[in-house]
Amino acid sequence: NAGVTQTPKFRVLKTGQSMTLLCAQDMNHEYMYWYRQDPGMGLRLIHYSVGEGTTAKGEVPDGYNVSRLKKQNFLLGLESAAPSQTSVYFCASTPRGAPRETQYFGPGTRLLVL
Amino acid sequence: RKEVEQDPGPFNVPEGATVAFNCTYSNSASQSFFWYRQDCRKEPKLLMSVYSSGNEDGRFTAQLNRASQYISLLIRDSKLSDSATYLCVVGLFSGGYNKLIFGAGTRLAVHP
């Protein structure tokens, strides 16, 4: 049982490049989330999903898109990366019926946009 | 004003010391309260929930004061392994979904 995994662990992009961050969970959780964490700030929710095929915007969705084609995977896309998107990205999941506050986090993806 | 405010620290304490962290939140509609722990370059992990009646888990005690919109975490008999960043987290229903609002964290460094 791997829990929540994230790919890649670290990436450097040039401004304008695109990339996709992959989050996978093997716990059959319904809810999945993407956060970003910046120095001096708390984690902020980018997008979330309450089930396969559904996604919704969080607090800071601009510049990102997501997809949840399979229950176990939640993809975060950057179509045209900007230096302001340099951050650490965390994915999290929660099972149905559990308090949404009980979130299982992945190990994070460190993204540097030059 | 940040929705959840914490002293960033660092708090440098010797092993065996008692240390307390505080946190304030701005939204009186907040419904649930938590402390998470985050080790350096790792993901956050739930440490404990916080209730108005106060709750204790071993060396850790959490308190909530709804009237003052204030949350605290007390760590007794600090261990080297307690060194981490402690995140104050508030849950509320807003914008159509249950959301968690994270503080920026308070860093604790326990030294021998």
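Just above, that's the structure.
The structure presented is a predicted model; accordingly, all values stated were derived computationally and were not measured.

Draft legend 1. How the structure looks around the nonpolar core. Core analysis: the largest hydrophobic core is formed by 25 residues, its most contacted members being F21, W35, I71, L73, I75, Y86 and L108 of chain B. Counting only elements with at least two residues in this core, the list comes to β3 (19-25), β4 (32-38), β5 (44-50), β7 (60-65), β8 (70-75), β9 (84-94) and β11 (106-111) of chain B. Per-element tally for this core: the top contributor is β9 of chain B, with five residues. When residues no more than four places from it in sequence are discounted, the contact partners of F21 of chain B are F11, W35, I71, S72, L73, I75, Y86, T106 and L108 of chain B. Membership of the second largest hydrophobic core comes to 18 residues, among which are L13, C23, W34 and I46 of chain A.

Draft legend 2. How the structure looks around a nonpolar patch on the surface. Residues and elements named next belong to chain A. Together, F10, V12, L112 and L114 make up an exposed nonpolar region whose accessible area comes to about 370 Å². Of note, L112 is situated in strand β11 (residues 109-113). A residue is classified by how much of its surface remains accessible, and L112, at 32% relative accessible area, is partly exposed.

Draft legend 3. Region of interest: the packing of aromatic side chains. A complete count under the given rule lists 11 aromatic pairs over all chains for this structure. Geometrically, the ring pair formed by F105 of chain A and F102 of chain B is edge-to-face, given 6.2 Å between the ring centres and 85 degrees between the ring planes. You can see F105 of chain A sitting in strand β10 (residues 104-105) and its partner F102 of chain B sitting in strand β10 (residues 97-102), one on each of two chains. Given the relative accessible area of 7%, F105 of chain A is considered buried. Taking the centre distance of 5.4 Å and the plane angle of 35 degrees together, the rings of F21 of chain B and Y86 of chain B count as tilted. Taken together, the residues F21 of chain B in strand β3 and Y86 of chain B in strand β9 connect sequence positions 65 residues apart. Overall, Y86 of chain B belongs to the buried group, its relative accessible area being 0%. Members of the aromatic cluster, each reached through a chain of ring pairs, are Y33, Y35, F90 and F105 of chain A together with Y36 and F102 of chain B.

Draft legend 4. Broad picture of the layout of surface pockets. Of the volumes computed, that of the largest pocket is approximately 660 Å³. Forming the boundary of the largest pocket are 27 residues, of which Q37 and R110 of chain A together with Q38, C40 and R41 of chain B lie nearest the centre. Every element with two or more residues in the lining of the largest pocket is listed here: β9 (87-94) of chain A together with β9 and β11 of chain B. Classifying every residue of the lining of the largest pocket gives 12 nonpolar, eight polar and seven charged. For the lining of the second largest pocket, the residue count by class is six nonpolar, three polar and four charged.

Cut-offs and rules
- Residues numbered from 1 in each chain as written.
- Chains lettered and ligands numbered in written order.
- Predicted model: local features only at pLDDT ≥ 70, side-chain atom pairs only at ≥ 80, totals over all residues.
- Heavy atoms only, no water.
- Core = buried A, V, L, I, M, F, W, Y, C linked by side-chain atoms within 4.5 Å.
- Buried < 20%, exposed > 50% of the residue type's maximum accessible area, 1.4 Å probe, protein only.
- Helix = DSSP H or I, 4+ residues; strand = E, 2+ residues; numbered from the N terminus.
- Contact = heavy atoms within 4.5 Å.
- Patch = residues over 30% accessible without salt bridge, like charges linked within 9 Å, V, L, I, M, F, W, Y side chains within 5 Å.
- Areas by Shrake-Rupley, 256 points an atom, 1.4 Å probe, with all protein chains shown as cover.
- Salt bridge = Lys/Arg side-chain N within 4 Å of Asp/Glu carboxyl O.
- Phe/Tyr/Trp six-rings, centres within 6.5 Å; stacked < 30°, edge-to-face > 60°.
- 1 Å grid on protein atoms, 1.4 Å probe; cavity = no way out; pocket = protein on both sides within 12 Å on 5 of 7 lines; lining within 4 Å.
- Points joined across faces, edges and corners; volume = space filled by probe spheres on them.
- Nonpolar A, V, L, I, M, F, W, Y, C, P; charged D, E, K, R; others polar.

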